[in-house]
Each structure stands twice: as structure tokens, then as C-alpha cells.
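Structure assessment
Next come the chains, spelled out residue by residue.
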2 protein chains.
Amino acid sequence: MINFKALFEITYGLYIVCSGDKRRGNGFISNTVFQVTSEPAKFAVCCSKNNFTCEFIEKYAHFSVSVLVKNTEPEIFGRFGFKSGKDFNKLEGMNVKFGMTGTPIVLNDSLAYLECNVVQKFDVGTHWLFVGELIDAQILDETNEPLTYSYYRQIKKGIAPKNAPTYIDKSRLDRKMESSK
Amino acid sequence: MINFKALFEITYGLYIVCSGDKRRGNGFISNTVFQVTSEPAKFAVCCSKNNFTCEFIEKYAHFSVSVLVKNTEPEIFGRFGFKSGKDFNKLEGMNVKFGMTGTPIVLNDSLAYLECNVVQKFDVGTHWLFVGELIDAQILDETNEPLTYSYYRQIKKGIAPKNAPTYIDKSRLDRKMESSK
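What comes next is a walk through the structure. (Residues numbered from 1 in each chain as written. Chains lettered and ligands numbered in written order. Predicted model: local features only at pLDDT ≥ 70, side-chain atom pairs only at ≥ 80, totals over all residues.)

1. Focus on the overall build of chain A
Within chain A, the regular secondary structure consists of 4 helices and 9 strands. For 181 residues, the compact-globule formula gives about 16 Å, and the C-alpha radius of gyration of chain A, at 16 Å, lands near that figure. For chain A, the spread of C-alpha atoms along the three principal axes comes to 55 × 35 × 35 Å. Looking at the 181 residues of chain A, the share that counts as buried comes to 48%. Look at the contacts in chain A between residues 6 or more apart in sequence, and 69% of them connect residues 24 or more apart. (Helix = DSSP H or I, 4+ residues; strand = E, 2+ residues; numbered from the N terminus. Rg over C-alpha atoms; globule rule 2.2 N^0.38 Å. Buried ≥ 20, exposed ≤ 12 C-beta atoms within 10 Å, placed from the backbone. Contact = placed C-beta atoms within 7 Å.)

Next comes the structure, spelled out in C-alpha cells:
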């Protein structure tokens, strides 16, 4: 039987992935941002098909990744992780820079960012895997550490929203606990 | 100009990815293992096309992921990260379990493992992205922490081999340092 608790041993960071333009953009909290090639530098981002930001990435073919700092304000998770940009403009009132492509880049609680042009898109079922070629990368704060999913979960007692690739229904964890008694 | 140092702010774990059978198998050190969907649980693994383990994953269509512990012995990195299985059998003398698919699973310095059946394979240039459906996951050691790429790099002074998706040529880091003087 699969012990779903073992999945918590896979290490992730936490990021805000954004797309759009100056007029309208959207972003979501992602833990699945990873480099897939070095020459050229390309990054994969995994995004639920139900996610409003998906529509922006598809339309604009670019995205930004803001690397969240260890002590990111809870408000950031509320705004970008648990609310839909269909209902309000998540970027309003935020400290946003527009990248070389015009894509919005959230600077709040971020220590670095990447900007990518989408070059491939793969269907992995409930999610799209967008692969983007890196066109810009900057450090915003050298003194801070990046937030990890493990720290967010264990220390900040944060949970994953249902659209996250790493979402695990609580009943699955409980079931395993029952069976291992 | 891209500041390649910003790429070190992306968080990764470190793993041994293996494939093969009882007769012959091979494994390599990977930092790009990510869950891509939750229903069903599927994982992506990024593997250089020059990597000998690629041939095994393609032939057998399954792989295992061993999650390395924080204080993994340097010998593990030498054996699985910087040598090719074309020259010798990396699994010889190791503590190996064979999974439900028959795939080898390295237990040395590992605190958990996953086993997956390959369901998709994407060409991202110099690397393949294999997507596997999870068929087994177990915890081996609940008392230990997983090794992160950042800890390996900063504390253990470890480097990435040339086949790693996150490999950065030293001249690129120096160039940036020159230009930011």
C-alpha cells in the first residue's frame, strides 16, 4: 500500500507564478518549478487546468517566477494560493514589476525572480506542464533564505490547495495511519 | 543580463533514480523529481539523454526514487553522480531492494522511496522528462531529514555534474560577478 506520507519527503520551494500584462495579469502559488535543461536554461512549471493563471500563460506564452522568502506573510498565501483571480485582481495593491516580456513579477516577500518564454506545453492529465526558456533572472535580496514547502507545512502549518500537484486528501493520510496501527 | 546566481534560489531535494532489473540496473543522482498531478499521483523525473540510466528507464518503463538523507556519505555522490554505469555496475555492493515492478531501489542513506511506472516521456532538448504513475511509496527512516540541493552545495560544498539540468558553467557565474563589480 502506498504510504502517502512518504511524498512529504520530496523537497520543493514555494513561488508565485504570474502571467499577463500591465492591464491584467494573474498569479498563483506553485511548488513545482524546476530547471529541466542547462543549455539553454529552461524551467518547467506545473499548473492545474482549473487554474485561472493557466489561461494567461497560454495566451501570453510567458511567465514569471518569484521565489518566496522564508517568512512570507500569510496574506500572500491567502491571496495567491486560496483565492481565484476570476473573482478579483490579485495583483492590485501589490508591488509589481513588469518584465522584459511585459509579464507581471510580484516583488512582495520575494528574494529572486525568473522570467521565461514558453517554448513547450505538455498535458499530464489534470495539469499542464509549461516549459519556458529563461530570459531574465535577478536576485532581490541576498540576505534572506527561500521558503521550502516542508517549512511552510511543518513550521507555518500551511496546507496545499486542492489544485496543487502535491495535494493529498486527508483521508488518504488517515487511512494509512489506520492500517499501520 | 541573466544573473545565474538567482537560479540557486530554486529549491530541490537530492535523490537516486534507478531502473533495471535483478540482473542489471543503473542509477544516477537527480535533483529534479517533482509531483505533477495528485489524482492519480504522478511524478516527473528529468534525465540527460547522455545518461546511461535513461536507456534503462526507456527499456523497462519504470523507475525508483530514493530520497537521500541529510548526511549522505560522499561515496554515494561519487558512485552515482560522477561515474558512469557504462564502466562498472553501480549497484554492486549496495543495499538494494527490488520493487513491485522489479526495479532496483537503493536503500543506502535513503529515508524514503517511490516506485513509478512510466506513462509519458517528453523531449525537452538535452534531457528527457519521464512522467511516472506512483505505484508504491514507503518511509524507511522517520527520524532523519531529507538532503536539499542547497545544503549539499553550501554546507557540503558539493557541485553538480555536467549532465544535471541545473549545471551552471563556472564562467557564467564569474562573468556575472565581473559585470556586477
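2. Some details on helix H1 (residues 52–60) of chain B
All names here are of chain B. Restricting attention to buried positions, one finds in H1 the residues Thr 53, Cys 54, Phe 56 and Ile 57. Across the axial projection of H1, the buried residues extend over an arc of 165 degrees, all falling on one side. The inward-facing, buried residues of H1 abut strand S1 (15–20), strand S2 (25–30), strand S4 (42–48), strand S5 (62–68), strand S8 (110–123) and strand S9 (127–139). Positive backbone phi, at 60 degrees, marks Ala 61, one or two positions downstream of H1. (Arc of directions from axis to C-beta.)

3. Topic: the relation of the copies chain B and chain A
Two chain copies, one operation linking them: a rotation about an axis together with a shift along it. Superposing chain B onto chain A takes a rotation of 180 degrees plus a shift of 0.0 Å along the axis, which leaves an RMSD of 0.0 Å. Taken together, the rotation angle and the small translation identify this as a two-fold axis. Residue Tyr 12 of chain B, judged by its C-alpha, is the member of chain B lying nearest the rotation axis, at 2.9 Å. When the interface residues of chain B are mapped onto chain A, 100% of them again lie at the interface, so the same face is used by both copies. (Least-squares fit on C-alpha atoms with pLDDT ≥ 70 in both.)

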